[in-house]
Every structure is written in C-alpha cells, then in structure tokens.
Amino acid sequence: MDESQSILSHGEREIAAMLRAGRSVEEIAAERDDPVPVVEKAIDRIRDKTRRALVTLLQSPHTDAVAADLDAEERSRLRTALDRAE
C-alpha cells in the first residue's frame, strides 16, 4: 500500500517505524533531536489515529473490498497484528 495514503504524517510514520523496530522513546528522541515529550505526543497521536482507523474499518461498508486489494504481505501483517491483540 502506498505510504502517501497513510493518515499518519511523515514524522509520525518515521516514529512508528522506529517503535516497530524496538527503539525506546528516549532513543527516538535522541535520533530525531526532539525532546522526549514531543515524541510522546507523537506516539499519542499515532495511537489515536490507529484507534480511529480501526473504528472506521468496523463501520465502513468497503472494508472487505479494500482488504481484498491488499497484497499478501500487507494482509499477513494486518492478520498478525490483529491476532496479537487477542
């Protein structure tokens, strides 16, 4: 899926990638030359946008069709994330 279609800003996508890679908030802040509270606020925004996206998926009549458009790797990543939530 094209990352430009993400509801996350460029900076939020960078922080999300660093979190997925196992980096701590302090490491992310140091690498980005940002204060820790700035990174923590970005993480809160990422969490909020993720929650809103999931609610949207549950309400949308197009979820099945859009999910079918994902490539196999993207569907697998999504399934893995949802399975971990159980």
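Considerations on the pattern of salt bridges
- One pass over the full model with this rule turns up seven salt bridges.
- Residue arginine 32 pairs with aspartate 34 through a salt bridge whose shortest N-O separation is 3.1 Å.
- The class of aspartate 34 is partly exposed, set by a relative accessible area of 23%.
- In this structure, a network of salt bridges that share partners links the residues Glu12, Arg45 and Lys49.

Brief notes about the nonpolar core
- Counting 10 residues, the largest nonpolar core consists of Leu8, Ile15, Ala16, Met18, Ile28, Ala29, Val39, Ala42, Ile43 and Ile46.
- Those elements giving two or more residues to this core turn out to be helix H1 (10-20), helix H2 (25-32) and helix H3 (36-59).
- Among the elements that take part in this core, H3 stands out by supplying four residues, more than any other.
- The residues touching alanine 16, leaving out its near neighbours within four places in the chain, are Leu8 and Ile46.

A closer look at the confidence of the model for the protein chain
- Of all residues in the protein chain, 95% attain a pLDDT of 70 or more, and the chain-wide mean is 93.
- Mean pLDDT in the protein chain bottoms out at helix H5 (residues 72-84), which sits at 90, and peaks at H2, which reaches 98.

Some details on the packing of H1 against H2
- Interhelical geometry of H1 versus H2 gives an angle of 135° and a closest axis separation of 10 Å. One way to sum up the angle between H1 and H2 is to call them oblique. The two elements H1 and H2 cross, and the hand of that crossing is right-handed. Of H2, the residues touching H1 (which contributes Gly11, Glu14, Ile15, Met18 and Leu19) are Ile28, Glu31 and Arg32.

Focus: H3
- The end-to-end C-alpha separation of H3 is 35 Å, in line with the 34 Å expected for 24 residues at 1.5 Å each.
- Residues of H3 that are buried include every one of Val39, Ala42, Ile43, Ile46 and Lys49, and no others.
- Looking at the buried positions of H3, the neighbouring elements they touch are H1 and H2.

Criteria and thresholds
- Residues numbered from 1 in each chain as written.
- Predicted model: local features only at pLDDT ≥ 70, side-chain atom pairs only at ≥ 80, totals over all residues.
- Heavy atoms only, no water.
- Salt bridge = Lys/Arg side-chain N within 4 Å of Asp/Glu carboxyl O.
- Buried < 20%, exposed > 50% of the residue type's maximum accessible area, 1.4 Å probe, protein only.
- Core = buried A, V, L, I, M, F, W, Y, C linked by side-chain atoms within 4.5 Å.
- Helix = DSSP H or I, 4+ residues; strand = E, 2+ residues; numbered from the N terminus.
- Contact = heavy atoms within 4.5 Å.
- pLDDT = per-residue confidence, 0-100.
- Axes fitted to C-alpha atoms, helices over the stretch in contact; angles between N-to-C directions.
- Parallel < 35°, antiparallel > 145°, perpendicular 65-115°, else oblique.
- Left-handed = near helix turned anticlockwise from the far one by under 90°.
- Expected span 1.5 Å × (residues − 1).

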